Amino acid sequence: MNDTPRSVVIKGTGSYTPANIKTNNDLASTVDTSDEWIFTRTGIKERRIASEKETASDMGASAAQRALEAAKLEASDIDLVIVATITPDMPFPSTACLVQTKLGITNAVCMDIEAACSGFVYIMEVAASMIRSGRYQHALIIGTEKLSSILDWEDRTTCVLFGDGAGAAILGPLETPGVGLLDFTLGSDGAQGDVLYMPGGGSANPATADSLNDRLHFLKMRGREVFKLAVKVMEQAAQEILEQNGLEPDQLSCLIPHQANLRIIELLSSRLNVPMERFYLNLEKYGNTSAASIPIALDEAIRSGRMASGDYTLLVAFGAGLTWGAALLKTP
Ligand code: COA
(Lines give C-alpha, C1' and ligand atoms only; values in the text may rest on other atoms or scores of the structure.)
Protein backbone atom coordinates (compact mmCIF):
# COMPACT_ATOMS: atom_id res chain seq x y z
CA MET A 1 0.00 0.00 0.00
CA ASN A 2 1.29 3.37 -1.06
CA ASP A 3 -0.17 6.29 0.88
CA THR A 4 1.49 9.09 -1.12
CA PRO A 5 -1.28 11.51 -2.13
CA ARG A 6 -1.50 11.61 -5.89
CA SER A 7 -3.84 13.26 -8.36
CA VAL A 8 -6.51 11.17 -9.99
CA VAL A 9 -7.38 12.34 -13.50
CA ILE A 10 -9.73 11.44 -16.32
CA LYS A 11 -7.64 9.59 -18.91
CA GLY A 12 -10.45 9.24 -21.46
CA THR A 13 -14.22 9.27 -21.83
CA GLY A 14 -16.76 7.65 -24.13
CA SER A 15 -20.50 7.49 -24.59
CA TYR A 16 -23.09 5.52 -26.46
CA THR A 17 -26.73 6.25 -27.21
CA PRO A 18 -29.05 3.95 -29.15
CA ALA A 19 -29.88 4.97 -32.72
CA ASN A 20 -33.64 4.81 -32.26
CA ILE A 21 -35.09 8.28 -31.54
CA LYS A 22 -38.50 8.75 -29.90
CA THR A 23 -39.72 12.33 -30.27
CA ASN A 24 -42.30 14.14 -28.14
CA ASN A 25 -44.69 13.87 -31.08
CA ASP A 26 -44.14 10.09 -31.17
CA LEU A 27 -45.18 9.97 -27.50
CA ALA A 28 -48.21 12.17 -28.18
CA SER A 29 -49.51 9.44 -30.47
CA THR A 30 -49.61 6.92 -27.59
CA VAL A 31 -50.39 8.96 -24.42
CA ASP A 32 -52.37 12.15 -23.79
CA THR A 33 -49.53 14.67 -24.05
CA SER A 34 -48.01 17.14 -26.51
CA ASP A 35 -44.62 18.37 -27.70
CA GLU A 36 -45.52 21.80 -26.32
CA TRP A 37 -46.35 20.46 -22.81
CA ILE A 38 -43.21 18.34 -22.57
CA PHE A 39 -40.83 20.93 -24.03
CA THR A 40 -42.06 23.90 -22.01
CA ARG A 41 -42.05 21.98 -18.69
CA THR A 42 -38.80 20.07 -19.18
CA GLY A 43 -36.74 21.26 -22.17
CA ILE A 44 -36.83 17.73 -23.63
CA LYS A 45 -37.54 17.24 -27.35
CA GLU A 46 -36.58 13.61 -27.88
CA ARG A 47 -34.91 10.61 -26.23
CA ARG A 48 -33.11 7.45 -27.40
CA ILE A 49 -34.67 4.03 -26.90
CA ALA A 50 -32.60 0.85 -26.87
CA SER A 51 -33.65 -2.09 -29.03
CA GLU A 52 -35.41 -5.00 -27.34
CA LYS A 53 -32.24 -7.10 -27.20
CA GLU A 54 -29.86 -4.27 -26.24
CA THR A 55 -29.03 -4.31 -22.52
CA ALA A 56 -27.44 -1.93 -20.03
CA SER A 57 -24.21 -3.95 -20.20
CA ASP A 58 -24.17 -3.78 -24.03
CA MET A 59 -24.50 0.00 -23.98
CA GLY A 60 -22.02 0.30 -21.12
CA ALA A 61 -19.48 -1.82 -22.99
CA SER A 62 -19.83 0.34 -26.12
CA ALA A 63 -19.28 3.54 -24.12
CA ALA A 64 -16.35 1.93 -22.29
CA GLN A 65 -14.71 0.82 -25.55
CA ARG A 66 -14.73 4.44 -26.71
CA ALA A 67 -13.29 5.60 -23.38
CA LEU A 68 -10.47 3.05 -23.65
CA GLU A 69 -9.66 4.30 -27.15
CA ALA A 70 -9.67 7.93 -25.98
CA ALA A 71 -7.38 7.01 -23.06
CA LYS A 72 -5.12 4.98 -25.41
CA LEU A 73 -5.32 2.08 -22.98
CA GLU A 74 -5.99 -1.63 -23.41
CA ALA A 75 -8.44 -3.88 -21.58
CA SER A 76 -5.44 -5.39 -19.80
CA ASP A 77 -4.63 -1.99 -18.22
CA ILE A 78 -7.92 -1.89 -16.29
CA ASP A 79 -7.89 -3.29 -12.74
CA LEU A 80 -11.18 -1.87 -11.43
CA VAL A 81 -14.62 -1.70 -13.06
CA ILE A 82 -17.52 0.05 -11.33
CA VAL A 83 -20.95 0.43 -12.90
CA ALA A 84 -23.73 2.73 -11.69
CA THR A 85 -27.18 1.68 -12.85
CA ILE A 86 -30.77 1.22 -11.70
CA THR A 87 -31.47 -0.99 -14.73
CA PRO A 88 -28.91 -3.80 -14.44
CA ASP A 89 -29.22 -6.59 -17.01
CA MET A 90 -30.42 -8.80 -14.11
CA PRO A 91 -30.25 -8.68 -10.28
CA PHE A 92 -27.00 -10.64 -10.40
CA PRO A 93 -24.28 -11.07 -11.52
CA SER A 94 -23.33 -7.41 -11.52
CA THR A 95 -23.48 -5.42 -14.74
CA ALA A 96 -19.80 -4.60 -14.11
CA CYS A 97 -18.93 -8.31 -14.36
CA LEU A 98 -20.96 -8.57 -17.59
CA VAL A 99 -19.16 -5.55 -19.08
CA GLN A 100 -15.82 -7.00 -17.96
CA THR A 101 -16.41 -10.14 -20.02
CA LYS A 102 -17.69 -8.22 -23.04
CA LEU A 103 -14.52 -6.13 -23.11
CA GLY A 104 -12.11 -8.98 -22.37
CA ILE A 105 -10.90 -7.43 -19.11
CA THR A 106 -9.40 -10.34 -17.23
CA ASN A 107 -7.65 -8.88 -14.21
CA ALA A 108 -10.03 -6.48 -12.48
CA VAL A 109 -12.28 -6.13 -9.45
CA CYS A 110 -15.85 -5.48 -10.65
CA MET A 111 -18.91 -4.19 -8.84
CA ASP A 112 -22.12 -2.23 -9.24
CA ILE A 113 -23.13 0.68 -7.03
CA GLU A 114 -26.71 1.94 -7.02
CA ALA A 115 -27.33 5.59 -6.27
CA ALA A 116 -29.83 6.25 -9.08
CA CYS A 117 -29.18 9.50 -10.98
CA SER A 118 -26.33 10.44 -8.62
CA GLY A 119 -24.66 7.11 -9.36
CA PHE A 120 -21.87 8.37 -11.60
CA VAL A 121 -20.68 10.99 -9.10
CA TYR A 122 -20.80 8.34 -6.37
CA ILE A 123 -18.70 5.81 -8.34
CA MET A 124 -16.28 8.55 -9.35
CA GLU A 125 -15.49 9.22 -5.68
CA VAL A 126 -15.26 5.51 -4.84
CA ALA A 127 -12.92 4.81 -7.78
CA ALA A 128 -10.82 7.93 -7.12
CA SER A 129 -10.35 6.91 -3.47
CA MET A 130 -9.33 3.38 -4.47
CA ILE A 131 -6.79 4.74 -6.96
CA ARG A 132 -5.48 7.24 -4.42
CA SER A 133 -4.91 4.38 -2.00
CA GLY A 134 -2.25 3.12 -4.40
CA ARG A 135 -3.85 -0.32 -4.74
CA TYR A 136 -5.50 0.33 -8.13
CA GLN A 137 -4.12 1.95 -11.26
CA HIS A 138 -6.84 2.36 -13.86
CA ALA A 139 -10.56 2.34 -13.10
CA LEU A 140 -13.25 2.04 -15.72
CA ILE A 141 -16.38 3.74 -14.39
CA ILE A 142 -19.66 3.51 -16.28
CA GLY A 143 -23.16 4.93 -15.92
CA THR A 144 -25.57 2.96 -18.09
CA GLU A 145 -29.35 2.78 -18.18
CA LYS A 146 -32.09 1.09 -20.12
CA LEU A 147 -34.82 3.11 -18.44
CA SER A 148 -37.26 2.22 -21.23
CA SER A 149 -37.43 -1.22 -19.57
CA ILE A 150 -38.86 0.15 -16.28
CA LEU A 151 -41.09 2.95 -17.60
CA ASP A 152 -44.86 2.70 -17.55
CA TRP A 153 -45.57 3.69 -21.15
CA GLU A 154 -49.21 4.36 -20.17
CA ASP A 155 -48.22 6.92 -17.49
CA ARG A 156 -47.75 10.32 -19.14
CA THR A 157 -46.41 11.86 -15.93
CA THR A 158 -43.22 9.74 -16.08
CA CYS A 159 -42.68 8.14 -19.51
CA VAL A 160 -42.04 11.48 -21.23
CA LEU A 161 -39.04 12.31 -19.05
CA PHE A 162 -36.56 9.48 -19.50
CA GLY A 163 -34.34 7.79 -22.10
CA ASP A 164 -31.61 5.18 -22.59
CA GLY A 165 -27.83 5.49 -22.97
CA ALA A 166 -24.41 5.02 -21.40
CA GLY A 167 -21.31 7.04 -20.58
CA ALA A 168 -17.91 5.95 -19.31
CA ALA A 169 -14.61 7.33 -18.07
CA ILE A 170 -11.21 5.85 -17.36
CA LEU A 171 -9.62 7.25 -14.21
CA GLY A 172 -5.95 6.93 -13.42
CA PRO A 173 -3.18 8.49 -11.32
CA LEU A 174 -1.01 11.45 -12.25
CA GLU A 175 1.99 12.48 -10.21
CA THR A 176 1.33 16.23 -10.84
CA PRO A 177 -0.44 17.41 -7.68
CA GLY A 178 -3.55 19.62 -7.59
CA VAL A 179 -5.26 18.59 -10.84
CA GLY A 180 -7.96 16.17 -11.98
CA LEU A 181 -10.67 15.11 -9.55
CA LEU A 182 -10.02 17.66 -6.81
CA ASP A 183 -12.88 17.01 -4.40
CA PHE A 184 -16.30 15.46 -3.84
CA THR A 185 -19.33 15.99 -1.67
CA LEU A 186 -21.99 13.27 -1.48
CA GLY A 187 -25.22 13.02 0.51
CA SER A 188 -28.25 10.80 1.01
CA ASP A 189 -31.63 11.02 2.75
CA GLY A 190 -33.51 7.73 2.86
CA ALA A 191 -36.50 9.41 4.52
CA GLN A 192 -37.34 10.89 1.09
CA GLY A 193 -37.24 7.49 -0.63
CA ASP A 194 -40.91 7.41 -1.58
CA VAL A 195 -40.82 10.36 -3.98
CA LEU A 196 -39.14 8.26 -6.69
CA TYR A 197 -38.88 4.47 -6.62
CA MET A 198 -39.73 1.15 -8.22
CA PRO A 199 -41.60 -1.11 -5.79
CA GLY A 200 -41.51 -4.39 -7.72
CA GLY A 201 -38.87 -6.94 -8.63
CA GLY A 202 -36.89 -6.92 -5.37
CA SER A 203 -37.34 -8.98 -2.21
CA ALA A 204 -40.20 -6.75 -0.96
CA ASN A 205 -42.36 -7.47 -4.00
CA PRO A 206 -40.86 -10.29 -6.04
CA ALA A 207 -42.28 -10.88 -9.50
CA THR A 208 -45.68 -12.59 -9.29
CA ALA A 209 -48.76 -12.43 -11.48
CA ASP A 210 -50.26 -9.99 -8.93
CA SER A 211 -47.20 -7.74 -8.86
CA LEU A 212 -47.30 -7.52 -12.64
CA ASN A 213 -51.05 -6.78 -12.67
CA ASP A 214 -50.46 -4.05 -10.09
CA ARG A 215 -47.77 -2.54 -12.35
CA LEU A 216 -45.22 -2.62 -9.54
CA HIS A 217 -42.31 -3.17 -11.95
CA PHE A 218 -42.47 0.38 -13.20
CA LEU A 219 -40.87 3.58 -11.96
CA LYS A 220 -43.17 5.68 -9.70
CA MET A 221 -42.63 9.37 -9.07
CA ARG A 222 -44.15 12.39 -7.32
CA GLY A 223 -42.83 14.93 -9.80
CA ARG A 224 -43.50 18.20 -7.97
CA GLU A 225 -41.82 17.02 -4.78
CA VAL A 226 -38.83 15.69 -6.70
CA PHE A 227 -38.52 19.04 -8.48
CA LYS A 228 -38.33 21.03 -5.22
CA LEU A 229 -35.92 18.61 -3.56
CA ALA A 230 -33.72 18.57 -6.66
CA VAL A 231 -33.27 22.34 -6.72
CA LYS A 232 -32.50 22.40 -2.99
CA VAL A 233 -29.93 19.59 -2.87
CA MET A 234 -28.17 20.53 -6.12
CA GLU A 235 -27.65 24.08 -4.88
CA GLN A 236 -26.54 22.80 -1.47
CA ALA A 237 -24.02 20.34 -2.97
CA ALA A 238 -22.63 22.98 -5.35
CA GLN A 239 -22.24 25.60 -2.61
CA GLU A 240 -20.69 23.10 -0.23
CA ILE A 241 -17.98 21.89 -2.61
CA LEU A 242 -17.12 25.45 -3.68
CA GLU A 243 -16.78 26.53 -0.04
CA GLN A 244 -14.68 23.45 0.78
CA ASN A 245 -12.25 24.55 -1.95
CA GLY A 246 -12.32 28.32 -1.44
CA LEU A 247 -13.83 28.96 -4.88
CA GLU A 248 -16.56 31.33 -6.05
CA PRO A 249 -19.22 30.10 -8.51
CA ASP A 250 -17.88 32.56 -11.07
CA GLN A 251 -14.58 30.64 -11.20
CA LEU A 252 -16.35 27.63 -12.73
CA SER A 253 -15.80 27.47 -16.49
CA CYS A 254 -18.20 24.59 -17.02
CA LEU A 255 -21.04 23.04 -15.02
CA ILE A 256 -22.34 19.60 -15.92
CA PRO A 257 -25.60 19.06 -14.05
CA HIS A 258 -27.72 15.92 -14.03
CA GLN A 259 -29.86 16.38 -17.13
CA ALA A 260 -33.35 15.88 -15.66
CA ASN A 261 -35.21 19.09 -16.38
CA LEU A 262 -34.12 22.40 -17.91
CA ARG A 263 -36.27 24.33 -15.39
CA ILE A 264 -34.35 22.76 -12.48
CA ILE A 265 -31.04 23.73 -14.13
CA GLU A 266 -32.27 27.29 -14.78
CA LEU A 267 -33.14 27.68 -11.09
CA LEU A 268 -29.71 26.33 -10.15
CA SER A 269 -28.12 28.82 -12.55
CA SER A 270 -29.95 31.76 -10.98
CA ARG A 271 -29.33 30.63 -7.38
CA LEU A 272 -25.60 30.19 -8.02
CA ASN A 273 -25.54 33.31 -10.16
CA VAL A 274 -23.72 31.48 -12.95
CA PRO A 275 -24.97 32.19 -16.50
CA MET A 276 -26.72 29.36 -18.37
CA GLU A 277 -24.02 29.47 -21.11
CA ARG A 278 -21.60 27.86 -18.65
CA PHE A 279 -23.89 24.84 -18.20
CA TYR A 280 -23.37 21.93 -20.57
CA LEU A 281 -26.81 20.78 -21.72
CA ASN A 282 -27.94 17.88 -23.87
CA LEU A 283 -31.26 16.91 -22.29
CA GLU A 284 -33.13 18.19 -25.32
CA LYS A 285 -31.72 15.18 -27.25
CA TYR A 286 -31.66 12.45 -24.61
CA GLY A 287 -34.05 13.31 -21.76
CA ASN A 288 -33.08 12.02 -18.34
CA THR A 289 -30.80 8.97 -18.64
CA SER A 290 -30.27 8.65 -14.85
CA ALA A 291 -26.75 7.37 -14.04
CA ALA A 292 -25.75 7.80 -17.70
CA SER A 293 -26.72 11.46 -17.82
CA ILE A 294 -23.56 13.06 -16.38
CA PRO A 295 -21.02 10.79 -18.12
CA ILE A 296 -22.66 11.27 -21.54
CA ALA A 297 -22.60 15.04 -21.02
CA LEU A 298 -19.02 14.88 -19.67
CA ASP A 299 -17.88 12.97 -22.76
CA GLU A 300 -19.56 15.46 -25.09
CA ALA A 301 -18.18 18.44 -23.15
CA ILE A 302 -14.61 17.09 -23.30
CA ARG A 303 -14.82 16.15 -26.98
CA SER A 304 -16.24 19.56 -27.91
CA GLY A 305 -13.39 21.37 -26.13
CA ARG A 306 -15.48 22.81 -23.29
CA MET A 307 -12.90 21.88 -20.62
CA ALA A 308 -9.56 23.62 -21.37
CA SER A 309 -6.38 23.15 -19.35
CA GLY A 310 -6.66 24.88 -15.96
CA ASP A 311 -10.47 25.12 -16.13
CA TYR A 312 -12.62 24.24 -13.14
CA THR A 313 -15.64 22.05 -13.93
CA LEU A 314 -18.42 21.12 -11.53
CA LEU A 315 -20.46 17.93 -11.85
CA VAL A 316 -23.65 18.05 -9.79
CA ALA A 317 -26.34 15.40 -9.47
CA PHE A 318 -29.44 14.36 -7.54
CA GLY A 319 -31.57 11.26 -7.72
CA ALA A 320 -33.75 8.67 -6.06
CA GLY A 321 -32.81 7.63 -2.56
CA LEU A 322 -32.72 10.60 -2.09
CA THR A 323 -29.11 10.91 -3.18
CA TRP A 324 -27.04 13.86 -4.33
CA GLY A 325 -23.44 14.74 -4.99
CA ALA A 326 -20.96 17.07 -6.61
CA ALA A 327 -17.46 16.63 -7.99
CA LEU A 328 -14.93 19.41 -8.61
CA LEU A 329 -12.54 18.85 -11.53
CA LYS A 330 -9.53 20.86 -12.72
CA THR A 331 -8.41 19.98 -16.23
CA PRO A 332 -4.64 19.15 -16.20
N1 COA B 1 -48.60 15.77 -20.77
C2 COA B 1 -49.64 16.57 -20.50
N3 COA B 1 -50.09 16.81 -19.28
C4 COA B 1 -49.44 16.23 -18.25
C5 COA B 1 -48.34 15.40 -18.44
C6 COA B 1 -47.90 15.18 -19.76
N7 COA B 1 -46.85 14.39 -20.06
N8 COA B 1 -47.89 14.98 -17.24
C9 COA B 1 -48.68 15.53 -16.32
N10 COA B 1 -49.63 16.28 -16.93
C11 COA B 1 -50.69 17.05 -16.31
C12 COA B 1 -51.03 16.57 -14.92
O13 COA B 1 -51.92 15.49 -14.99
C14 COA B 1 -51.64 17.80 -14.31
O15 COA B 1 -52.96 17.91 -14.76
P16 COA B 1 -54.12 18.40 -13.75
O17 COA B 1 -53.74 19.80 -13.37
O18 COA B 1 -55.34 18.32 -14.60
O19 COA B 1 -54.09 17.45 -12.60
C20 COA B 1 -50.85 18.95 -14.95
O21 COA B 1 -50.24 18.39 -16.12
C22 COA B 1 -49.77 19.51 -14.04
O23 COA B 1 -49.06 18.42 -13.47
P24 COA B 1 -47.86 18.65 -12.50
O25 COA B 1 -47.31 17.32 -12.09
O26 COA B 1 -48.27 19.60 -11.42
O27 COA B 1 -46.86 19.37 -13.49
P28 COA B 1 -45.48 20.06 -13.19
O29 COA B 1 -45.53 21.45 -13.66
O30 COA B 1 -45.02 19.81 -11.78
O31 COA B 1 -44.50 19.27 -14.17
C32 COA B 1 -42.89 17.50 -14.12
C33 COA B 1 -44.37 17.88 -14.03
C34 COA B 1 -42.78 15.99 -13.96
C35 COA B 1 -42.37 17.92 -15.48
C36 COA B 1 -42.08 18.24 -13.02
O37 COA B 1 -42.74 18.10 -11.79
C38 COA B 1 -40.69 17.69 -12.89
O39 COA B 1 -39.90 17.78 -13.80
N40 COA B 1 -40.33 17.16 -11.72
C41 COA B 1 -39.01 16.57 -11.52
C42 COA B 1 -38.97 15.21 -12.13
C43 COA B 1 -37.57 14.67 -12.23
O44 COA B 1 -36.65 15.38 -12.53
N45 COA B 1 -37.42 13.37 -12.00
C46 COA B 1 -36.18 12.69 -12.11
C47 COA B 1 -35.36 12.86 -10.90
S48 COA B 1 -33.77 12.17 -11.09
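Just so it is clear, the structure is predicted and the values come from calculations on it, not from any experiment. (Residues numbered from 1 in each chain as written. Predicted model: local features only at pLDDT ≥ 70, side-chain atom pairs only at ≥ 80, totals over all residues. Heavy atoms only, no water.)

**Considering the sheet that holds strand β7 (residues 164–174)**
How we decide: Here, strands pair whenever DSSP counts at least two bridges between them. Secondary structure elements follow DSSP: runs of H or I of four or more residues count as helices, runs of E of two or more count as strands, with numbering from the N terminus. The angle between two axes is taken between their N-to-C directions and runs from 0 to 180 degrees, where each axis is a line fitted to C-alpha atoms and a helix contributes only its stretch in contact. Here, two residues are considered to be in contact whenever any of their heavy atoms come within 4.5 Å of each other.
Within the open sheet, the five strands sit side by side as β1-β7-β6-β4-β5. Their pairing is mixed. Pairing within the sheet leaves two strands with one partner each, and these edge strands are β1 (7–16) and β5 (109–113). In this sheet, adjacent strand axes meet at a mean angle of 20° when their direction is disregarded. Where strand β4 (residues 80–84) lies against β5, five bridges are found, and the strand directions are parallel. Counted as the bridge partner of V83 is D112 from β5. Sitting on the sheet, helix α3 (residues 56–71) is in contact with β1, β6 (139–146) and β7, with an inclination near 125° to β1.

**What to know about the domain arrangement of the chain**
Worth spelling out the cut-off: For the domain bounds, the source is a domain assignment made automatically or taken from a database. Summed over both partners, the accessible area (1.4 Å probe) lost when two parts come together is defined as the buried area. A carboxyl oxygen of Asp or Glu within 4 Å of a side-chain nitrogen of Lys or Arg is what we treat as a salt bridge. Pairing of N or O atoms within 3.5 Å defines a polar contact, subject to two protein rules: one partner must be a possible hydrogen donor and the other a possible acceptor, and residues neighboring in sequence count only if both atoms are side-chain atoms.
Splitting the chain by domain gives domain 1 (7–176) and domain 2 (181–330). For domain 1 versus domain 2, the distance between C-alpha centres works out to 14 Å. At the interface, 51 residues of domain 1 touch 44 residues of domain 2. Here domain 1 and domain 2 share an interface that buries about 3900 Å² over both sides, 62% of which is from carbon and sulfur atoms. The largest share of the area that domain 1 buries against domain 2 comes from C117, V121 and Y122, three residues that together contribute 17% of it. Inspection of the domain 1/domain 2 interface yields two salt bridges. Counting across the domain 1 and domain 2 interface gives 24 residue pairs in polar contact (both at pLDDT 80 or more). When residues of the side of domain 1 that touches domain 2 are traced back to their parent elements, those giving at least two are β1, α2 (35–42), β3 (46–48), α3, α5 (119–132), β6, α6 (156–159) and β7. Looking at the side of domain 1 that touches domain 2, the element that brings in the most residues is α5, giving seven residues.

**Let's talk about the pairing of β7**
To keep it simple, the criterion reads: Partly exposed residues are those whose accessible area sits between 20% and 50% of the maximum for their type, while under 20% is buried and over 50% is exposed, using a 1.4 Å probe and protein chains only.
Buried residues dominate β7, accounting for 10 of its 11 residues. Sheet analysis places β1 next to β7, joined by nine bridges and oriented antiparallel. Bridge assignment links S15 to a residue of β7, and that residue is G167. Direction of pairing for β6 relative to β7: antiparallel, over a ladder of eight bridges. Along β7, the bridge assignment pairs E145 with G165.

**What to know about the site of the ligand**
Heads up, the condition is: Being near a molecule or strand, for a residue, comes down to having at least one heavy atom within 4 Å of it. The Shrake-Rupley method, run with a 1.4 Å probe sphere, supplies the accessible areas, and residue values consider only the shown protein chains as cover.
Near the ligand there are 22 residues, and of these T33, R41, R156, R224 and N261 occur at the shortest range. With respect to the ligand, the side chain of R224 contributes an N or O atom lying 2.7 Å from an oxygen atom. Note that an oxygen atom of the ligand is positioned 2.7 Å from one of the side-chain N or O atoms of N261. With the chains in place, 72% of the 960 Å² that the ligand exposes on its own is no longer accessible. Looking at the shell around the ligand, the elements that each hand over two or more residues are α2, α6 and α8 (223–244).

**Observations regarding helix α11 (residues 293–303)**
For α11, a buried count of nine out of 11 residues is recorded, marking the element as mostly surrounded by other parts of the structure. Restricting attention to buried positions, one finds in α11 the residues S293, I294, P295, I296, A297, L298, D299, E300 and A301.

**Overview of the pattern of salt bridges**
Using the criterion set out here, one finds 12 salt bridges in the structure. Two residues, D250 and R278, come together in a salt bridge whose shortest N-O distance is 3.2 Å. Residue D250 is located in the loop between α8 and β11 (252–257), and its partner R278 is located in the loop between α9 (262–272) and α10 (283–286); the two are separated by 28 residues in the primary sequence. Here the residues in one salt-bridge network are D152, E154 and R215, joined through shared partners.

**Observations concerning the packing of α5 against α11**
Quick note on the threshold: Comment on the angle field: the value is read as roughly parallel under 35 degrees, roughly antiparallel over 145, roughly perpendicular from 65 to 115, and oblique elsewhere. In this count, Pro and Cys sit with the nonpolar residues alongside Ala, Val, Leu, Ile, Met, Phe, Trp and Tyr, while Asp, Glu, Lys and Arg are called charged and the others, Gly among them, polar.
Taken N-terminus to C-terminus, the directions of α5 and α11 make an angle of 75°; their axes are 7 Å apart at the nearest point. Relative to α11, α5 is oriented roughly perpendicular. Together, F120, V121 and M124 of α5 and I294, P295 and L298 of α11 make up the contact between the two elements. In terms of residue class, the contact of α5 with α11 is made up of six nonpolar, no polar and no charged.

**Description of the environment of R48**
If you trace the backbone, R48 turns up in strand β3. Distance from R48 to D164, taken between C-alpha atoms, is 5.5 Å for residues 116 residues apart in sequence. The contacts of R48, once residues within four sequence positions are left out, are T17, P18, A19, N20, I21, G163, D164, K285 and Y286. From its side chain, R48 meets the backbone oxygen of P18 in a polar contact 2.9 Å long.

**Overview of the packing of aromatic side chains**
Each pair of aromatic rings is reported with the distance of its centres and the angle of its planes. Let me state the cut-off plainly: Any pair of Phe, Tyr and Trp rings, taking the six-membered ring for Trp, is counted once the centres come within 6.5 Å. Such a pair is stacked with planes under 30 degrees apart, edge-to-face with planes over 60 apart, and tilted for the rest. Look at NZ for Lys and CZ for Arg. If either is within 6 Å of the ring centre and within 35 degrees of the ring normal, a charge sits over the ring.
This model, assessed by the stated rule, comprises zero aromatic pairs. Across the ring face of W153, the terminal group of K22 is positioned such that the distance to the ring centre comes to 5.1 Å. One residue, K45, lies across the ring of F39, its end atom 4.6 Å from the ring centre.

**A word on α3**
Short version of the rule: Here the expected span of a helix is defined as 1.5 Å times the quantity of residues minus one.
Counted at 1.5 Å a residue, the expected span for α3 with its 16 residues is 22 Å, and the 22 Å between its end C-alpha atoms agrees. Those residues of α3 lying buried are A56, S57, M59, G60, A61, A63, A64, A67, L68 and A71. Of the residues one or two after α3, K72 is the one with positive phi, at around 55°.

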